[in-house]
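Single-letter residue listing:
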Protein chains: 6
Amino acid sequence: MRSAVYPGSFDPPTNGHMDLIARASRLYDKVVVALGRNSIKNPLFSVEDRRRMLEEECARFGNVSVEVFDGLLVDFCRAQRIEVILRGMRAISDFEKEFQMALTNRTLEPGVETVFLPTSADLMFVSSSIVREIARLGGDVSRLVPDSVARKLAARLSAGVDI
Amino acid sequence: MRSAVYPGSFDPPTNGHMDLIARASRLYDKVVVALGRNSIKNPLFSVEDRRRMLEEECARFGNVSVEVFDGLLVDFCRAQRIEVILRGMRAISDFEKEFQMALTNRTLEPGVETVFLPTSADLMFVSSSIVREIARLGGDVSRLVPDSVARKLAARLSAGVDI
Amino acid sequence: MRSAVYPGSFDPPTNGHMDLIARASRLYDKVVVALGRNSIKNPLFSVEDRRRMLEEECARFGNVSVEVFDGLLVDFCRAQRIEVILRGMRAISDFEKEFQMALTNRTLEPGVETVFLPTSADLMFVSSSIVREIARLGGDVSRLVPDSVARKLAARLSAGVDI
Amino acid sequence: MRSAVYPGSFDPPTNGHMDLIARASRLYDKVVVALGRNSIKNPLFSVEDRRRMLEEECARFGNVSVEVFDGLLVDFCRAQRIEVILRGMRAISDFEKEFQMALTNRTLEPGVETVFLPTSADLMFVSSSIVREIARLGGDVSRLVPDSVARKLAARLSAGVDI
Amino acid sequence: MRSAVYPGSFDPPTNGHMDLIARASRLYDKVVVALGRNSIKNPLFSVEDRRRMLEEECARFGNVSVEVFDGLLVDFCRAQRIEVILRGMRAISDFEKEFQMALTNRTLEPGVETVFLPTSADLMFVSSSIVREIARLGGDVSRLVPDSVARKLAARLSAGVDI
Amino acid sequence: MRSAVYPGSFDPPTNGHMDLIARASRLYDKVVVALGRNSIKNPLFSVEDRRRMLEEECARFGNVSVEVFDGLLVDFCRAQRIEVILRGMRAISDFEKEFQMALTNRTLEPGVETVFLPTSADLMFVSSSIVREIARLGGDVSRLVPDSVARKLAARLSAGVDI
């Protein structure tokens, strides 16, 4: 059985994330979406909120689960017997940081490979941070995130939360 | 009439900004220098200071005005009936972030186009952040910013302000 | 009146070219599509063929004309009293060569500015060379070029021309 | 069963290619090394020579085969019922061309995904073209290619073949 | 006598830094490792700790000294009569920021040149920040930093310091 | 004594080359400008012409000589007891190819280091190929090359040579 982990902070999940998960679910027998507990500082959504959003959106795939992890990603892979780390690759992205992480993880755990899937062209500019920024300034993010996420963002804003 | 907006945080305005404004004033009938009120955290100069510096430097052009804006840039463009966002492009710059912003703005408002003007070669390394860093360390920034800005930076330093 | 020239070899014109021309026709009062006579070696289509394809596709715009030019682009601009060179910018492109050409043209003729328009995200991977390669290998290019161009490519192939 | 194709011109195969094949053989149930018949002009080694070199080097893997293909890679994938195209990714490489090919192939055949594996750090600068250039100038390529390939290169040189 | 300065924050020193220092010690008669006192905010190790770690590791070279400096690097160079600033260059790095700093320093002090040495391929992904991140998450950094630094990092962790 | 080699094809020498040679002559006791005999196909100027142009322009430096070499650059360095290969670095350049050559040369000869000098900002867009292209199209290259080179280019053109 071929398993892959798709790690990230997903603050919030975007259409770009969901596109990659959909494609990964066809390429691997099992996909684990791995939410790093401490991967970002001052997140907009709590880890629990993000886990719920991901689970709601991933329910339609039969072979995708969502897990929260602490510590090194390669340790999580080893514990879960996963040999592939999956990353989206955007021409418009911090490609070099991705590369550095992949080589570092390989040094830490040679048995785990990082593979990159190119993002769909029309989602190439979508990122969690741009979604947060647009929402913060009152813009419409409904074409950038799943509906359930758009509703949660709107609820945050109407509650006057500083995002 | 062809109008363009040149958005930024201008903290402080540099010779690179002024070069681009001068060229834009020849390419468009009207140019609005748009100062984002919340575009950066902990600016060195207040929005009001920055507006005054820009107005002083732009007075010599007959068709350039300075405005402060809140919220999304595309909303500002719509309100001002401006169809072009102008950005400087440096080989030495965060080109990919620029591209992401342009594609995002187009998704938010298809009627507004972002156009990029290449920076003059001899100003390619000038940025507001490098100006602040050099000034903070006691270096001479007189070749990097307009004279009026250099004086304001010097005043800040002699007043012992932590920049 | 604001005029712009959009130079290229257009061998053949693609949907990416046509998207840029459509957008340019809204941003400028007049747009000249300028076909460089000697811009590439061993073209697939003759200059005359390419001119006809462009004219056919540009007829729907009221303010776009097609011209063939020899020599330096900046000399053509000067002769036509055009102050703006328009270039498409793709995250997936030879960005640095574009930059070099823009700075060179500015050295040759300071009165002419090069401005870059970001390509639409879903057309970012389209180029004349990839269209030629796919057609050569028997692939379907109908989503990458205008219909009239697709027909001309098919005619070439069925005639047994080595492309 | 999960299959992947690793396409290339392999003129000649390098240690970088072999490293990627070794890793792919662990990640997929079956790996097809696909040698494009017309992928380069004026190759140093004939398609038949390259096929033999690859077969000799791949014999030690139980699940790797070598095939020569004509036409579009996505047509080959469809015929072989392969859903994954594998590409090596080097920080030092024509990353953008790779991205363009991946997006193009996805347009031609949405059922086939391209995935990228980062090259091992110490092989990042190795390419077939640099191997050919060093050999042509009389340099030692024994650390850059498998032994069998090094011998074939030496035989070519001693035979006075112009490479 | 040819002298060079190798500036940085070295928080902590890595095998990449030490590789570059070793190579620089052969290329120049004298090498000054220059630790910027205020180059980073909230460092993991104090300036004094970092100076000691560097001195311990540089003792084996006869022509390398360690200095702490304030203010502009070019002023330090002038005071020390050093004409060369040495920087490591990684394909995986913020190359453009490096370029900007080099051009800026040349504007501030034309008599000082910045030269770049390419990092060894197998150390290309090593940086102080990735070392800190791996150590923080409990990973093994022994292949990324000198032994003495690895011990200091471990001591920090066992003391419960938040890194 | 510290020596460096500055290799290239110099077809023709540009102001960018001469700027780098001038700076290198201050940084090293001896600089050898090394003209690769077979480094390019179909050069505009013969090796002999290029050697003469370089010698004429380098005569004003007391410590710069011009040599023609065959074969591998690292073999030339070894024969001449030179430990440093000097390359210009442009933000607008094939940076990755440069990096690949540097790492390859280090593999072939660990005793030779490649160091990169950033090009002056105002010469960043100048290259031999852009000079040839402008001259071919009848443009003025007098600001891009030394006077003696501009005269030789003009002589070529008036002689009707196809460049």
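Going by the structure above, here's the rest.
Residues numbered from 1 in each chain as written. Chains lettered and ligands numbered in written order. Predicted model: local features only at pLDDT ≥ 70, side-chain atom pairs only at ≥ 80, totals over all residues. Heavy atoms only, no water.

Considering the packing of helix α2 (residues 47–58) of chain D against helix α6 (residues 147–158) of chain D
Residues and elements named next belong to chain D. Stated formally: Orientation is described by lines fitted to C-alpha atoms, with helices fitted over the stretch in contact, and by angles between N-to-C directions that extend from 0 to 180 degrees. Here a helix means four or more residues in a row that DSSP labels H or I, a strand means two or more in a row labelled E, and each is numbered from the N terminus. Small angles under 35 degrees read as roughly parallel and large ones over 145 as roughly antiparallel, with 65 to 115 read as roughly perpendicular and the rest as oblique. Working rule for contacts: check all heavy atoms of both residues, and any pair within 4.5 Å makes them a contact. Each residue gets one label: Ala, Val, Leu, Ile, Met, Phe, Trp, Tyr, Cys and Pro are nonpolar, Asp, Glu, Lys and Arg are charged, and the others, such as Gly, are polar.
The geometry of α2 relative to α6 is characterised by a closest axis approach of 10 Å and an angle of 150° between their N-to-C directions. Taken together, the axes of α2 and α6 are roughly antiparallel relative to one another. Taken together, the residues of α6 that come into contact with α2 (itself represented by Asp49, Met53, Glu56 and Glu57) are Ser148, Val149, Lys152 and Arg156. In terms of residue class, the contact of α2 with α6 is made up of two nonpolar, one polar and five charged.

So, the packing of aromatic side chains
All names here are of chain C. Convention followed: Two aromatic rings, drawn from Phe, Tyr or Trp (for Trp, its six-membered ring), form a pair once their centres lie within 6.5 Å of each other, and the interplanar angle then sorts them: stacked below 30 degrees, edge-to-face above 60, tilted otherwise. Remark: exposure states derive from per-residue accessible area (1.4 Å probe, protein chains only) relative to the maximum for the residue type, with buried under 20%, exposed over 50%, and partly exposed in between.
Per the stated rule, a full pass over the model turns up twelve aromatic pairs over all chains. Considering the side-chain rings of Tyr6 and Phe10, the 5.5 Å spacing of their centres and the 75° angle between planes classify their relative orientation as edge-to-face. For the residue pair Tyr6 and Phe10, the accessibility class agrees, reading buried in each case. Ring centres of Phe69 and Phe76 lie 5.3 Å apart, and the angle between their planes is 35°; on these two criteria the pair is classed as tilted. Under the relative-accessibility criterion, Phe69 is labelled buried at 10%. Relative accessible area serves as the criterion here: at 10%, Phe76 is assigned to the buried category.

Structural notes on the interface of chain A and chain B
Worth spelling out the cut-off: Using a 1.4 Å probe, buried area is obtained as the accessible area two parts lose upon being combined, added over both of them. Whenever a carboxyl oxygen of Asp or Glu lies within 4 Å of a side-chain nitrogen of Lys or Arg, that contact is scored as a salt bridge. By the criterion applied in these results, polar contacts are pairs of N or O atoms within 3.5 Å in which, for protein atoms, one can donate a hydrogen and the other can accept it, and in which residues neighboring in sequence qualify only through two side-chain atoms.
Taken together, the contacts link 16 residues of chain A with ten residues of chain B. Taking both partners together, chain A and chain B bury about 1200 Å²; carbon and sulfur atoms supply 64% of that area. Counting across the interface, chain A meets chain B through zero salt bridges. If you look at where chain A meets chain B, you find three residue pairs in polar contact (both at pLDDT 80 or more). Here the side of chain A that touches chain B is built from residues that sort into eight nonpolar, four polar and four charged.

Observations regarding the relation of the copies chain A and chain B
To keep things clear, this is the line we draw: Overlaid copies result from least-squares superposition on C-alpha atoms, with residues included only where pLDDT is at least 70 in both.
Structural alignment of chain A on chain B gives an RMSD of 0.0 Å, achieved by rotating through 120° and translating 0.0 Å along the axis. Classification of the inter-copy transformation places it as that of a three-fold axis.

Remarks on the pattern of salt bridges
Two side chains of opposite charge can pair, provided their charged atoms sit close to one another. Using the criterion set out here, one finds 84 salt bridges over all chains in the structure. Residues E:Glu48 and E:Arg51 are paired through a salt bridge, measuring 2.3 Å at the closest nitrogen-oxygen approach. Here E:Glu48 and its partner E:Arg51 are both found in helix α2 (residues 47–58), three residues apart, which amounts to about one turn of the helix. Several salt bridges share partner residues, and in doing so they unite A:Arg2, A:Glu83 and D:Asp29 into one network.

Digging into the arrangement of the chains
With no contact between them, chain B and chain D keep their nearest C-alpha atoms 13 Å apart. There is a gap between chain C and chain E: no contact, and a shortest C-alpha distance of 13 Å.

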